[in-house]
Amino acid sequence: MQGIFIFVGKKVSQPKTTSMKIAVVGTGYVGLVTGTCLAETGNQVICVDINADKVKMMQNGKLPIYEPGLDILFHRNIAQERLHFTTDLGSAIAEAQIIFLALPTPPGGDGSADLSYVLGAAKDIGKLITDYKVIVTKSTVPVGTADKVRAAMDSQTTVEFDVVSNPEFLREGVAVEDFMKPDRVVIGTQSERARKLMGELYGPYVRQGNPIIFMDERSSELTKYAANSFLATKITFMNEVANLCELVGADVDMVRKGIGSDDRIGRRFLFPGVGYGGSCFPKDVQALVKSADENKYDFKILNSVIEVNESQKTVLSGKVKKYFNGDVKGKKFALWGLAFKPETDDIREAPALYIIDELVAAGATITAFDPEGMNNVRNLIGNKISYAADPYSALHDADALLIVTEWSLFRTPDFDQVAKLLKNKVIFDGRNLYDLQKMIDCGFYYNSIGRKIVS
Ligand SMILES: NC(=O)c1ccc[n+]([C@@H]2O[C@H](COP(=O)([O-])OP(=O)(O)OC[C@H]3O[C@@H](n4cnc5c(N)ncnc54)[C@H](O)[C@@H]3O)[C@@H](O)[C@H]2O)c1
Ligand SMILES: O=c1ccn([C@@H]2O[C@H](COP(=O)(O)OP(=O)(O)O[C@H]3O[C@H](CO)[C@@H](O)[C@H](O)[C@H]3O)[C@@H](O)[C@H]2O)c(=O)[nH]1
């Protein structure tokens, strides 16, 4: 049984009996959270990345990403000498019993998952191993990838190894909590030896009765895509309900509460908005459709989800253009929220980027504020927009305020201040943050998603 050693404060001597030696290849959002959280329960973890600047940063005790709660665990496990970073794959895996692949699987040109990072690393690892290892794909990979990883390694080595599928379900913004207390751990393997090691490793994370679900590799690989696609479908369904609400005079917040209270539907992931974004849903829905295509199956519902989500990304900019009679040339907009969701600096497939593109192309100027996402946006699009130091500075003389990400600090602004700073008391809210009556009382024109327009 794996020991749980959670240390706060100074270095203490550790029992050496049960901790495992782990290597994590790829230290992005998933790899770094995985490595840090595995160290937190007493394992010895080495994280390896090809990005030398990133590795240097982490060796110097700096986090390359913003993820709430990660810093405390990161610093504690470095201080306790359980968490290490390197660019050298060979030394990272030399003593590891389990090697996690947390590498990118971006969409290839045709939408299918690009497996070159995963299979390239598998080959490299195959060349380097000298004793039994468990290779775990943490990356989101299509059905059949475990076989491909096995073949890539087999082509390089005669040493014994097992390949396990162990998809990750963490959400950015709450990644540490999701890893430490997962709803479930899915492990795809048919090897008894690997199953035992993986069960021991995850023991400390499922002490509250949350299950480890063992299955074959293919079912495990598909579970990940099915989960993300189902959630993307749920959101998309609500976006369509919201669009219909606007046409028939219903209020989507009421409808959401009305249906969410049915346990069979559930309250979560029913919030309409500006379309789902992020590094996972868009690429994973697309990859599942592609996998289905390759197997001559037309996954109709997911094709519709993709289509609806594309148009949902233009809903807010469409409302803005309509309000200004189709002409936003020379208009100045304040934009609150750039990250694809709150509590992250991740801007991959962020709806804000689409809204910026649409409005800037139509001749508008934008001043944005986001608590964590501005550096990444600045690196991506530079001075295409201006950046404000705080939410209120973005408002100066703007023709309207657009809200795109539901950061907590946008939820209860000083509306007197907002009204004073804006040129027009006009708000377009892509996240339904405010009470309609409050907006009427404050004298705003307020246009949100799936609700009455008030003014
Ligand atoms: N981000 C999430 O919330 C999330 C959640 C669950 C699953 N996933 C999946 O996990 C995988 C990783 O996603 P991510 O968001 O962490 O990606 P990321 O882009 O944040 O990180 C990937 C890291 O891998 C490194 N890398 C690339 N090639 C390498 C190599 N050959 N050797 C060592 N390091 C290498 C990169 O430098 C980078 O640091 C993807 O398959 C993704 O779909 C992501
Ligand atoms: O009711 C909702 C919930 C979410 N979203 C949007 O959906 C996207 C994804 O949100 P979320 O799922 O919270 O964030 P991710 O960090 O992308 O996490 C998803 O993708 C990860 C990567 O695969 C999985 O591990 C997680 O389980 C899965 O929730 C974001 O654009 C959200 O704004 C909505 O529009 N309405």
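Every chain is numbered independently, its residues counted from 1 as its sequence is written. To read the labels, note that chains go from A and ligands from 1, taken in the order they are written. Thresholds applied to this predicted model are a pLDDT of at least 70 for local features of residues and 80 or more for the giving and counting of side-chain atom pairs; totals over whole chains, interfaces and linings are not thresholded and use all residues. Side-chain calculation: all heavy atoms of the structure are included, whereas hydrogens and water are not.

What to know about the site of ligand 2
Step number 1: Close to ligand 2 lie 19 residues, the nearest being F169, L170, K224, N228 and C280.
Step number 2: Here a polar contact is recorded for every N or O atom pair within 3.5 Å, except that within protein the pair must consist of a potential hydrogen donor and a potential acceptor, and residues adjacent in sequence are included only if both atoms are side-chain atoms. E172 has a polar backbone atom sitting 2.8 Å from an oxygen atom of ligand 2.
Step number 3: Between ligand 2 and L270, the relevant distance is 3.4 Å, taken from an oxygen atom to a main-chain nitrogen or oxygen of the residue.
Step number 4: Throughout, the Shrake-Rupley method with a 1.4 Å probe supplies accessible areas, and for residues the shown protein chains are the sole cover considered. For ligand 2, whose unbound accessible area comes to 690 Å², protein coverage reaches 91%.
Step number 5: Every element with two or more residues in the shell around ligand 2 is listed here: α9 (217–248) and α11 (281–294).
Step number 6: Think of it this way: any DSSP run of H or I at least four residues long counts as a helix, any run of E at least two long counts as a strand, and we number them from the N terminus. No other element matches α9, which puts 3 residues into the shell around ligand 2.
Step number 7: Ten residues, namely Ala, Val, Leu, Ile, Met, Phe, Trp, Tyr, Cys and Pro, are considered nonpolar, four, namely Asp, Glu, Lys and Arg, are considered charged, and the remaining ones, Gly among them, are considered polar. Its residues placed into classes, the shell around ligand 2 shows 10 nonpolar, 2 polar and 7 charged. Residues are classed as near a molecule or strand on a simple rule: at least one heavy atom within 4 Å of it.

Remarks on empty space enclosed by the protein
Step number 1: Cavity means a closed set of points on a 1 Å grid over the protein atoms alone, one where a 1.4 Å probe fits but cannot get out, pocket means an open set with protein on both sides within 12 Å along at least 5 of 7 lines, and lining means a residue has an atom within 4 Å of a point. Grid points are joined across faces, edges and corners, and a volume is the space filled by probe spheres set on the points. All chains considered together, the criterion is met by 1 cavity of 30 Å³ or more.
Step number 2: The calculated volume of the largest cavity comes to roughly 50 Å³.
Step number 3: If you go around the largest cavity, the residues you meet are T137, S139, T140, V141, S165, N166, P167, E221 and K224.
Step number 4: Broken down by class, the residue content of the lining of the largest cavity amounts to 2 nonpolar, 5 polar and 2 charged.

Observations concerning the sheet that holds strand β10 (residues 365–369)
Step number 1: Think of it this way: DSSP has to see at least two bridges between two strands before they count as a pair. Strand order in the open sheet formed by 6 strands is β11-β10-β9-β12-β13-β14, and the pairing between neighbours is parallel. The open sheet has two edge strands with one neighbour each: β11 (386–387) and β14 (445–447).
Step number 2: Seen against the sheet, helix α13 (residues 315–323) touches β9 (332–336), β12 (400–403), β13 (426–429) and β14 and runs at an angle of roughly 155 degrees to β13.
Step number 3: Of the strands in this sheet, β9, β10 and β12 are in contact with helix α14 (residues 351–361), which crosses β9 at around 180 degrees. Should any heavy atoms of two residues lie within 4.5 Å, those residues are counted as being in contact. Note on geometry: axes are C-alpha line fits, over the in-contact stretch for helices, and angles between N-to-C directions span 0 to 180 degrees.

Brief notes about the UniProt feature "binding site: substrate" (unreviewed entry) in the chain
Step number 1: Following the UniProt record, one finds the feature "binding site: substrate" (unreviewed entry) at F169, L170, R171, E172, K224, F269, L270, F271, P272, G273, G277 and K341. These residues run over 173 residues, and the two farthest C-alpha atoms among them are 23.7 Å apart, placing them at more than one spot. Lining of the largest cavity among the annotated residues: K224.
Step number 2: In this fold, F169 is placed in the loop between β6 (161–165) and α7 (175–180).
Step number 3: Only protein chains enter the area calculation, which uses a 1.4 Å probe; residues under 20% of their type maximum are buried, those over 50% are exposed, and those in between are partly exposed. The exposure class of F169 is buried, given its relative accessible area of 17%.
Step number 4: Once you skip the residues sitting within four places of it in the chain, F169 turns out to touch D178, R184, V186, T223, K224 and A227.
Step number 5: By the element assignment, L270 lies in the loop between α10 (252–260) and α11.
Step number 6: Other than its neighbours up to four places away in sequence, L270 contacts K234, M238, R256, I259, G260 and I265. UniProt positions are given in the numbering used here, feature names are shortened, and annotations may be inferred rather than shown by experiment.

A word on the side chain of T27
Step number 1: The topology assignment puts T27 in the loop between β1 (21–25) and α1 (29–40).
Step number 2: Beyond its immediate stretch of four places on either side in the chain, T27 contacts L32, C47, V48, D49, K54 and M58.

As for the site of ligand 1
Step number 1: Among the 26 residues in the neighbourhood of ligand 1, the closest are listed as D49, K54, T105, E172 and K283.
Step number 2: Y29 is positioned with one of its backbone polar atoms (N or O) 3.1 Å from an oxygen atom of ligand 1.
Step number 3: T140 places a polar main-chain atom, nitrogen or oxygen, 3.0 Å from an oxygen atom of ligand 1.
Step number 4: Burial of ligand 1 by the protein chains amounts to 88% of its free accessible area of 830 Å².
Step number 5: Looking at side-chain class alone, the shell around ligand 1 contains 11 nonpolar, 8 polar and 7 charged residues.

Examining the pairing of β13
Step number 1: Judged by which residues are buried, β13 turns out to be covered on both faces: V426 and F428 on one side and I427 and D429 on the other are all buried.
Step number 2: Of the pairings in the sheet, the one linking β12 to β13 comprises 3 bridges and is parallel in character. Each residue of the ladder has a partner; that of L401, found in β13, is I427.
Step number 3: The pairing of β13 with β14 spans 3 bridges and is classified as parallel. Within β14, the position partnered with I427 by the bridge is Y446.
Step number 4: The definition of a right-handed crossover adopted here requires that, viewed with the strands pointing away, the path from the first strand over the helix to the second runs clockwise. Taken together, β13, helix α17 (residues 436–441) and β14 form a β-α-β motif whose crossover is right-handed.

Thoughts on the pattern of salt bridges
Step number 1: The term salt bridge refers to a pairing of a side-chain nitrogen on Lys or Arg with a carboxyl oxygen on Asp or Glu at a separation within 4 Å. Taken as a whole and judged by the stated rule, the model has 24 salt bridges.
Step number 2: Close ionic contact of D131 with K133 constitutes a salt bridge, the shortest N to O distance being 2.9 Å.
Step number 3: Note that R431 and E406 form a salt bridge whose closest N and O atoms lie 3.3 Å from each other. Of the two residues, R431 is situated in the loop between β13 and α17 and E406 in the loop between β12 and α16 (415–421); the sequence distance between them amounts to 25 residues.
Step number 4: In this structure R431 comes out as buried when scored by relative accessible area, which is 18%.
Step number 5: Taken together, the shared-partner salt bridges in this structure form one network comprising D147, R150, E217 and R218.

As for the domain arrangement of the chain
Step number 1: The domain boundaries assigned to the chain delineate domain 1 (21–213), domain 2 (225–311) and domain 3 (313–447).
Step number 2: Note that the domain bounds were set by an automatic or database domain assignment. Of note, the centres of domain 1 and domain 2, computed from C-alpha atoms alone, are 29 Å apart.
Step number 3: Carbon and sulfur atoms make up 54% of the area that domain 1 and domain 2 hide from each other, which totals about 890 Å².
Step number 4: Counting across the interface, domain 1 meets domain 2 through 1 salt bridge. Summed over both partners, the accessible area (1.4 Å probe) lost when two parts come together is defined as the buried area.

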